[in-house]
Amino acid sequence: MAIAGPKIRSIGAAQSPLLGAAMFSPAVLYLVLVIGAPFALAVFYAFSDARIGSTGLHFVGLENFRSILQSPSFRMALKNSVVFTVCAQIIVVVCSGALSIALEKPFRGRGLVRFLILLPWVAPVSLGSIGWKWILDSIYSVITWVLIWLHIYKPYSAPMWLGEPHLAMASVILVHCWRLIPFSTVVMLAGRTAIPKEIPEAAAIDGAGFWRTLFQINLPMMLPIINVAVLFGTIFTFTDMTVVYILTAGGPFDSTQTLPSLAFATGIQGSDLAAGAAISLFLVPVLVLIAYLMLRMAHRAEVV
Amino acid sequence: MAVVETRHLTKIFKQGELGAVNNVNLKTREGEFLVFLGPSGSGKTTLLRMIAGLEVPTAGEILIGGQVVNHLAPRERRIAMVFQSYALYPHLSVYKNIAFPLKAQKVKKELHKEKVEWAASLLGISALLQRKPRELSGGERQRVALARAIVREPSVFLLDEPLSNLDAKLRLSAREELERFHRRIGTTTIYVTHDQVEAMAMGDRIVVLNNGVVHHFGTPKEVYDEPADTFVATFLGSPPMNLIENDNVIVGFRPEHFRLSETLDEAKVNFKFRVENVEYLGAEYILSGSLLGGRFEGKEVIARLLLGHTYEAGATYDFAVPERHLKFFDRSTEKRVEARALTWQ
């Protein structure tokens, strides 16, 4: 009993509600101050007529949403966001899947290749995007220069990578893929190495070739981890505005404007805080759905 | 059905290091149950994987059905393999697991159901076809793996320690089942194990391997009674053969041949045996102790005796080995040599 006494007391201390609350509070504080408060403010602004430089604030109900839904730039941005996200995710999954297969087996220089592939993820987004802005520049583009040198294009009819609507969208998508592929590759590589090596071997003996093993054995077994990569990638893409902002700032003619960049352009640059807040609120349903799917998958992974 | 043959088969994983498999020459018989037996790291699994086509040999040839298959992919060798972990496809139902080889080999779709049901009934798993592998017990998984292996009627079966993941009780019944199964289908089978009891019980012939070298290739009786060298002599048998050095030979005798002198009336070699430990195993005793007197003073030996006499730790008994049960090995090469007359005192 003499030994048991202090032990019980120490457990009691750990279970004390005060200590628990104290340990937990930084996390709550962080969520409330950095995420909760701005979110609440955005909801509040979306129903008001807040403007930068104006002190008056009136409740206007759904007026902001009504005018946004009627604006062609908003519809364009919504469509662009969907195109941007879906295309980027398809390209990322296919490329990182192929890369993870290529990088799985050891070969000379694999470490270096892995490092190079990770580089775009490690480098600051703005730095990488500025690099791409030069690569795709209308006058100094190294790609255009090579194409002219190869006589594929004449100097005066070379494509304007960021100046023509479809090319600009494609450029933005590809640069974003360049940035996301490393992360996705690492996730997929982890998924592949988690498959016991006897299973593809058994498939090889059972008579399956490369494609059958890939599509009927490896990919289905990697599905949970691919889902994680896609959901993360969707969040990163749907909410991202860095690449768009630096490369095209939404142009030409709003053809690369996405919801986050439009919200920024309207709310901050255009001083219409209320409209900007209302636009960004349209991101919420999509993100809530993704969060729900992720939580459900995490839950299922624990149960199995 | 087919005969598997290896010629000078060698596998070296790292240049300059000792090979995992060195110059192995063997040939199965039609429909034979051949066992590769050896301790872990003996190269038995590497040998099997080379036959399966999962490892590329460094040198030598593999023949299946008289045809060199070195350049053939695993799927072109008409073999089936059961892995130690069973390697069932976790996302597919038992039915789809068993049907996978049929699909991969492009067997006509109408035949799948019939063939899967045939394989499943042969192994008594017809009731489990809709389950997922994770819902099965170890024994059931093993049967699914076997069903997946037989469903396309391969010419050779390769089994890599298929019983090692089962608990002791299940292992015995699974072993009997495998034997019956082999008798019924009669396909040439190569079975890898480190368990000498399994090897003795199941094998038509046994290949004893160590450090990638074949030490002995023979029937269980030959391997046990006439071991080719001291490694085989001590690896088979539990407890292992007693080895004592005498002049330029090593003399070996099995614990079950080391008995009370008075019970033996034939040409024999006598020893004074001081018992240090007595293990009662129900049907028999295992006595361990040392020899006393003469040139073998202090040499530790083990005896395995049927019940009928009681033995006490600390006591000394007159024990003997019949001369016909003595095995002689060369002291330097450790290879078996002819019996010879020796002085024993």
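Residues numbered from 1 in each chain as written. Chains lettered and ligands numbered in written order. Predicted model: local features only at pLDDT ≥ 70, side-chain atom pairs only at ≥ 80, totals over all residues.

A. Region of interest: the overall build of chain A. Counting its secondary structure elements, chain A contains 14 helices and 0 strands. Helices and strands in chain A line up, N terminus first, as α-α-α-α-α-α-α-α-α-α-α-α-α-α. Against the 2.2 N^0.38 benchmark of 19 Å for 304 residues, chain A shows a C-alpha radius of gyration of 25 Å, more extended than a compact globule. When its C-alpha atoms are laid out on the principal axes, chain A stretches across 90 × 70 × 30 Å. Residues classed as buried in chain A amount to 30% of the 304 residues present. For chain A, the share of sequence-separated contacts (at least 6 apart) that also reach a separation of at least 24 residues comes to 69%. (Helix = DSSP H or I, 4+ residues; strand = E, 2+ residues; numbered from the N terminus. Rg over C-alpha atoms; globule rule 2.2 N^0.38 Å. Buried ≥ 20, exposed ≤ 12 C-beta atoms within 10 Å, placed from the backbone. Contact = placed C-beta atoms within 7 Å.)

B. Expanded view of the overall build of chain B. Along the backbone of chain B there are 8 helices and 19 strands. With the C-alpha coordinates of chain B rotated into their principal frame, the extents come out at 75 × 45 × 35 Å. Across the 345 residues that make up chain B, the buried fraction comes to 39%.

C. Representation of the pairing of strand S1 (residues 4–11) of chain B in the model. All names here are of chain B. Note that S1 and strand S4 (residues 59–64) share 5 bridges and pair antiparallel. Looking across to S4, one finds that Thr10 is bridged to Ala59. The sheet contact formed by S1 and strand S2 (residues 21–27) spans 4 bridges and is antiparallel. Each bridged residue has a counterpart across the sheet, and for Leu9 the counterpart in S2 is Val24. (Pairing = 2+ DSSP bridges.)

D. Quick look at the interface of chain A and chain B. Of the residues lining the interface, 14 residues belong to chain A; the matching set on chain B comes to 17 residues. Of all the secondary structure elements, the ones that give two or more residues to the side of chain A that touches chain B are helix H9 (198–206) and helix H10 (210–238) of chain A. Here the element with the most residues in the side of chain A that touches chain B is H9(A); it accounts for 7 residues. Its residues placed into classes, the side of chain A that touches chain B shows 9 nonpolar, 1 polar and 4 charged. (Nonpolar A, V, L, I, M, F, W, Y, C, P; charged D, E, K, R; others polar.)

E. Local environment of the sheet that holds strand S8 (residues 188–193) of chain B. All names here are of chain B. With mixed pairing, the 6 strands of this open sheet are ordered in space as S6-S7-S8-S3-S9-S10. At either margin of the open sheet sits one strand with a lone partner, and together these are strand S6 (79–82) and strand S10 (213–218). Within this sheet the neighbouring strands show an average axis-to-axis angle of 15°, counted without direction. Both strand S3 (residues 33–37) and strand S9 (residues 205–210) contribute to a ladder of 4 bridges, which runs parallel. Residue Phe36 lies in a different strand from S9, and its bridge partner there is Val207. (Axes fitted to C-alpha atoms, helices over the stretch in contact; angles between N-to-C directions.)

F. Seen up close, the nonpolar core. Formed by 93 residues in total, the largest nonpolar core has its most connected members in Ala147(B) and Leu158(B). Among all residues touching Leu158(B), those that are not within four sequence positions of it are Leu48(B), Ile51(B), Ala52(B), Ile79(B), Met81(B) and Ile190(B). Counting 19 residues, the second-largest nonpolar core is a separate cluster that includes Tyr45(A), Ile68(A), Leu262(A) and Leu281(A). (Core = buried A, V, L, I, M, F, W, Y, C linked by C-beta atoms within 7 Å.)

G. Molecular detail of the sheet that holds strand S11 (residues 242–246) of chain B. Residue and element names in this part refer to chain B. Ordered by their spatial adjacency, 4 strands build an open sheet running S11-S12-S18-S19, and the pairing between neighbours is antiparallel. Two strands in the sheet have a free side with no partner beyond their single neighbour: S11 and strand S19 (336–337). Where strand S12 (residues 249–253) and strand S18 (residues 327–330) come together, 4 bridges link them in antiparallel fashion. Bridging from a neighbouring strand, Ile250 pairs with Phe329 of S18.

H. Inspection of the packing of helix H8 (residues 165–193) of chain A against H10(A) at higher detail. Residue and element names in this part refer to chain A. One way to put it is that H8 packs onto H10 with a least axis distance of 9 Å and a crossing angle of 150°. Taken as axis vectors, H8 and H10 run roughly antiparallel relative to one another. For the pair H8 and H10, the crossing hand works out as right-handed. Between H8 and H10, the contacting residues are His176, Leu180, Ser184, Val187, Met188, Ala190, Gly191 and Arg192 on the first element and Asn218, Met222, Ile225, Ile226, Val228, Ala229, Gly233, Phe236 and Thr237 on the second. Split by residue class, the contact of H8 with H10 holds 10 nonpolar, 6 polar and 1 charged. (Parallel < 35°, antiparallel > 145°, perpendicular 65-115°, else oblique. Left-handed = near helix turned anticlockwise from the far one by under 90°.)

I. The environment of Pro285(A), seen in detail. Structurally, the position occupied by Pro285(A) is in helix H14 (residues 283–303). For the pair Pro285(A) and Pro196(A), spaced 89 residues apart in sequence, the C-alpha to C-alpha distance is 38 Å.

J. Layout of the pairing of S9(B). All names here are of chain B. Across 5 bridges, the pairing between S9 and S10 is antiparallel. Across the sheet, residue Ile206 finds its bridge partner in S10, namely Gly218. Counted between consecutive antiparallel strands, the loop separating S9 from S10 contains 2 residues, among which Asn211 sits at a positive phi close to 50°.

K. View of the environment of Asp206(A). Mapped onto the elements of the fold, Asp206(A) is located in helix H9. For the pair Asp206(A) and Ala46(A), spaced 160 residues apart in sequence, the C-alpha separation works out to 61 Å. Once residues within four sequence positions are removed from consideration, Asp206(A) is found in contact with Phe100(B), Pro101(B) and Ala104(B).

L. Structural detail: the confidence of the model for chain B. Residue and element names in this part refer to chain B. Looking at chain B, the pLDDT average stands at 90 and 99% of residues meet or exceed 70. When pLDDT is averaged over each element of chain B, S3 comes out on top at 95 and helix H5 (residues 168–185) at the bottom at 86. Predicted as a complex, the structure gets a pTM of 0.78 and an ipTM equal to 0.82. (pLDDT = per-residue confidence, 0-100.)

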